[in-house]
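# Examination of the molecular architecture
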There are 2 protein chains.
Amino acid sequence: LTDTSSRELDQIVGRAREAFAVILTTTAAQRATWLTSVADALDDARNELVELGVGETHLTRLRLEGEVARTTAQLRLFTEVLREGSYLEATVDHRWPEMVPPRPDLRRMLRPVGVVAVFAASNFPFAFSVAGGDMASALAVGCPVVVKAHPGHAELSRRTASIVEGALARAGAPVGTFALVEGHQAGVDLVQHPGISAAAFTGSLAGGRALFNLAASRPDPIPFFGELGSINPVVVMPAADRERGEELAAGLAASFTLGAGQFCTKPGLVFVPAQSHLASALTPPGGVHILLTESISSSFLRGLSHLSAIDGVDLVRAHSDEQEGISAVVAHTTIEVLEENREVITSEVFGPVTVLVSYSSDTELLATIAALDGSLTATVHALPEEDIRSVVAALSDRAGRILFDGWPTGVAVSWAQHHGGPWPATTSQHTSVGTTAVRRFQRPIAYQDAPPSALPIELRDENELGIPRRVDGTLVV
Amino acid sequence: LTDTSSRELDQIVGRAREAFAVILTTTAAQRATWLTSVADALDDARNELVELGVGETHLTRLRLEGEVARTTAQLRLFTEVLREGSYLEATVDHRWPEMVPPRPDLRRMLRPVGVVAVFAASNFPFAFSVAGGDMASALAVGCPVVVKAHPGHAELSRRTASIVEGALARAGAPVGTFALVEGHQAGVDLVQHPGISAAAFTGSLAGGRALFNLAASRPDPIPFFGELGSINPVVVMPAADRERGEELAAGLAASFTLGAGQFCTKPGLVFVPAQSHLASALTPPGGVHILLTESISSSFLRGLSHLSAIDGVDLVRAHSDEQEGISAVVAHTTIEVLEENREVITSEVFGPVTVLVSYSSDTELLATIAALDGSLTATVHALPEEDIRSVVAALSDRAGRILFDGWPTGVAVSWAQHHGGPWPATTSQHTSVGTTAVRRFQRPIAYQDAPPSALPIELRDENELGIPRRVDGTLVV
């Protein structure tokens, strides 16, 4: 048994707290070398890691190689964030006694919150796992990280953790900066541990809600940054359907089966006009999928059986025979049927299925969108002459990223990315992908009338590091 | 009975949701005129409002006049925030297909979260009540506001609400942008109402925790921005105590009795060296205080009786006779006694009392600070030659604002202010005072490959409004 015991967990969190005190004295440039060291070490071990991943996850070698590259590019992007310096939100207000109320000398910046618990996801064994975005963004701003491994790729998690620990040690990070724990109970204990200051989670609604509840019911509740589920609605406007139905069908087929449909951004609910060309052209792609875990497989089959039990939902499967694995599925239904079976039809089914919903009026379409749960993404396909204003407004209320004439399954890691949305897409108003993901693991601190020697160098008048700052209300770059 | 019924609440939230859809189409400049209109109307009605406040709260006319000025200055400061534009965090990433993963055109900005519930505080009947900082910051970024009135100043709340509603209507804000509700049950219903997207609260730990729990246990949890309690530790270093003991005693006496000690930033726990000059010089100021509400009075007396029951805590009262009201109290104890009675001695007692705790070594002082609950502020008094590094590091871990040679009871409203801290000071990593308070009521949205006509003007290439933006990673002012 490899489960982390309660005693081991105490020791791990204790060492992380000690590391935190040391990390508070480090510079951003030092932490950037830690991230680079981790990225280099992962790149060097790519072949070995991908091999482990293929064996444990059934994802393809090509996909996993790409994911390693994504993961190390992500670590390196955060070194740019550190160099640029805006992430500190450094703000200097000089004394202004005539103001109402009088203003003393006040200087504010963000500092790391403390030790962060990261719950790894099953579906991105690199980019949302041990050395993924949550770990990278927490470490970048100076938070030690304790990762709860996903049991779906335990061996890969251990090997990755060992590489990360080695790389951090070589780069001079204090002992305790990073650790891996395993086992369900260790996760439950971790989110409730007094030494943990924030938690990040990517996974299912049920698992995420349980951990969210534990975080909120602590004697001292901590922020829980969860990404729990997303149906990712797509609206195909009539002219686009008419002119580009076949092309859209091909794009949708590729998107909803990418990674066997095991993406949080999979398009799960596609609104098409009546007599849709897209709907006629869409056939579920062939091929047999083995899902990440037994539990995901059984949830998928349960989801399909709930859908097929509804009068007015027709399932089209790529194969009738499913003995060798799971085949892709397209469900066809109408907005009237959806409205009578809202919970089943608008719930995420993780895996290679998408639901086509035909609408016959804008009014019913907008009302149905308005009642959807929150999503990470929402997409509209339209020809330039189509008026999409009300559809975009309705989708913007329900999602964090709005795509135009694209498919949501690619998630770029950049300055403008937002990967989040109203509940249950995420539990917070911050992203889990992109440079602003660091804001989850920072809290402000203000210094009032501090002597320069007591101030962090980022807040001293000299601005030795040359970071962007707001001085007396004006942003100075 | 003036309690808002469940049916009325539904109507109010429904109108607020309708207003939200309209507000989403307004410009920042329009919303700035709303805030200015409210500020002007409150200034015009100052005498009438102050009169109501004196009658209901027992706070002095002078104090309340100052608070109105603070409140209207705060509303006007948010118009500067709107004009300046950084609050949108506008970010433009142009297409970059060679990136790993490939980057589409991505543009991100913050948008209002939806209808915000604001729970008014008792102790600032203007600045943290109906037209206070929570309301101003939510409205500034485009969120309709439903305020739950504090029963301690019900008449003043109604009159303020009526002035706010009139001013908003005159300035062209949609009906439903602002509303007041009353009654305990209305508050409980409000935080659970499906139409509410976020809540802000300033008040007691017990009340705040109850509402926090309701917000977290919704089917769709919403962010709850609570400010719940703070002991505000002060450390007086030996040389400062020796050289400036009398002056510090006078400063502390004024600070802990300001507003009858009913400030969330009242210095409640003051660490002084053994044989402290400050402790010898400090006598509780005379005068009789009438606290804000019956419930605050009885909590205060209960807190004192818990303190006085401890062997090793000596209470010094300004008067022995308390028939006419409450007199200020100084409690004297040692760090050893504190460690044996941690919960009682380190809990906030709202009202005119402060606890002096003598320490005899740095080690015990640092250990005691490290175990304190989170506070809004922490203060150090030292002479320039004293080494305060380890004390500042310990205090920084436990508070959101660190003061040097000052007293925490003044809270400037400015760009660099932070009014927040680890639990229970606040429940979030955002401030409730100062310009960045708006971030509580915003969520990001990203547009991927959007045609310019579908983008908000703030994200179009032209940048017509000239707001600061991050373009391809570079901050452009």
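The present account deals with the structure reproduced in this document.

What counts, and where the lines are drawn
- Residues numbered from 1 in each chain as written.
- Chains lettered and ligands numbered in written order.
- Predicted model: local features only at pLDDT ≥ 70, side-chain atom pairs only at ≥ 80, totals over all residues.
- Heavy atoms only, no water.
- Contact = heavy atoms within 4.5 Å.
- Buried area = accessible area lost by both parts, 1.4 Å probe.
- Salt bridge = Lys/Arg side-chain N within 4 Å of Asp/Glu carboxyl O.
- Polar contact = N/O pair within 3.5 Å; in protein donor to acceptor, adjacent residues only side chain to side chain.
- Helix = DSSP H or I, 4+ residues; strand = E, 2+ residues; numbered from the N terminus.
- Nonpolar A, V, L, I, M, F, W, Y, C, P; charged D, E, K, R; others polar.
- Core = buried A, V, L, I, M, F, W, Y, C linked by side-chain atoms within 4.5 Å.
- Buried < 20%, exposed > 50% of the residue type's maximum accessible area, 1.4 Å probe, protein only.
- Pairing = 2+ DSSP bridges.
- Axes fitted to C-alpha atoms, helices over the stretch in contact; angles between N-to-C directions.
- Least-squares fit on C-alpha atoms with pLDDT ≥ 70 in both.

### Details of the interface of chain A and chain B
Across the boundary between the two partners, chain A contributes 74 residues, which contact 73 residues of chain B. Interface area for chain A against chain B, summed over the two sides, is near 5700 Å², with a carbon-plus-sulfur share of 58%. For the chain A face of the interface with chain B, the top three residues by lost area are F404, Q429 and Q448 of chain A, together amounting to 13%. Between R17 of chain B and D397 of chain A there is a salt bridge whose closest N-O contact spans 3.5 Å. At the boundary of chain A with chain B, the tally comes to 48 residue pairs in polar contact (both at pLDDT 80 or more). Elements represented by at least two residues in the side of chain A that touches chain B include exactly α1 (6-23), α4 (61-84), β1 (91-93), β2 (106-112), α8 (205-216), β14 (399-404) and β15 (442-448) of chain A. Looking at the side of chain A that touches chain B element by element, the count peaks at seven residues for β15 of chain A. Taken together, the residues that form the side of chain A that touches chain B break down as 39 nonpolar, 15 polar and 20 charged.

### Some points on the nonpolar core
Ranked by internal contacts, the top residues of the largest apolar core, which has 224 residues, are F271 and F441 of chain A together with F271 and F441 of chain B. Core analysis: the second largest hydrophobic core is formed by 48 residues, V115, V191 and A199 of chain A together with A216 of chain B among them.

### So, the sheet that holds strand β11 (residues 329-334) of chain B
Taken in spatial order, the 12 strands make up an open sheet running β17(A)-β16(A)-β1(A)-β2(A)-β15(A)-β14(B)-β13(B)-β8(B)-β9(B)-β12(B)-β11(B)-β10(B), and their pairing is mixed. The two strands at the open ends of the sheet, each matched to only one other strand, are β17 (474-476) of chain A together with β10 (314-317) of chain B. Pairs of neighbouring strands in the sheet enclose a mean axial angle of 20°, with direction left out of account. Judged from the five bridges that link them, strand β13 (residues 375-381) of chain B and strand β14 (residues 399-404) of chain B form a sheet pairing that is parallel.

### Quick look at the relation of the copies chain A and chain B
Of the transformation placing chain A onto chain B, the axial shift is 0.0 Å and the rotation is 180°, giving an RMSD of 0.0 Å. With respect to symmetry, the two chain copies, as superposed, fit the operation of a two-fold axis. No C-alpha of chain A approaches the rotation axis more nearly than that of A216 of chain A, which lies at 3.3 Å. Mapped onto chain B, 99% of the interface residues of chain A again fall at the interface, so both copies present the same surface.

### Thoughts on the pattern of salt bridges
Enumeration over the complete set of coordinates arrives at 46 salt bridges over all chains. Across the salt bridge formed by R439 of chain A and E89 of chain A, the nearest N and O atoms sit 3.6 Å from each other. Residue R439 of chain A is found in the loop between β14 and β15, and its partner E89 of chain A is found in the loop between α4 and β1; the two are separated by 350 residues along the sequence. The partner of R158 of chain B in a salt bridge is E155 of chain B, with the nearest N and O atoms 3.0 Å apart. Of this pair, R158 of chain B and E155 of chain B both sit in helix α6 (residues 154-170), three residues apart, which is roughly one turn of that helix. Among the residues examined, R158 of chain B registers a relative accessible area of 27% and is labelled partly exposed. The class of E155 of chain B is partly exposed, set by a relative accessible area of 38%.

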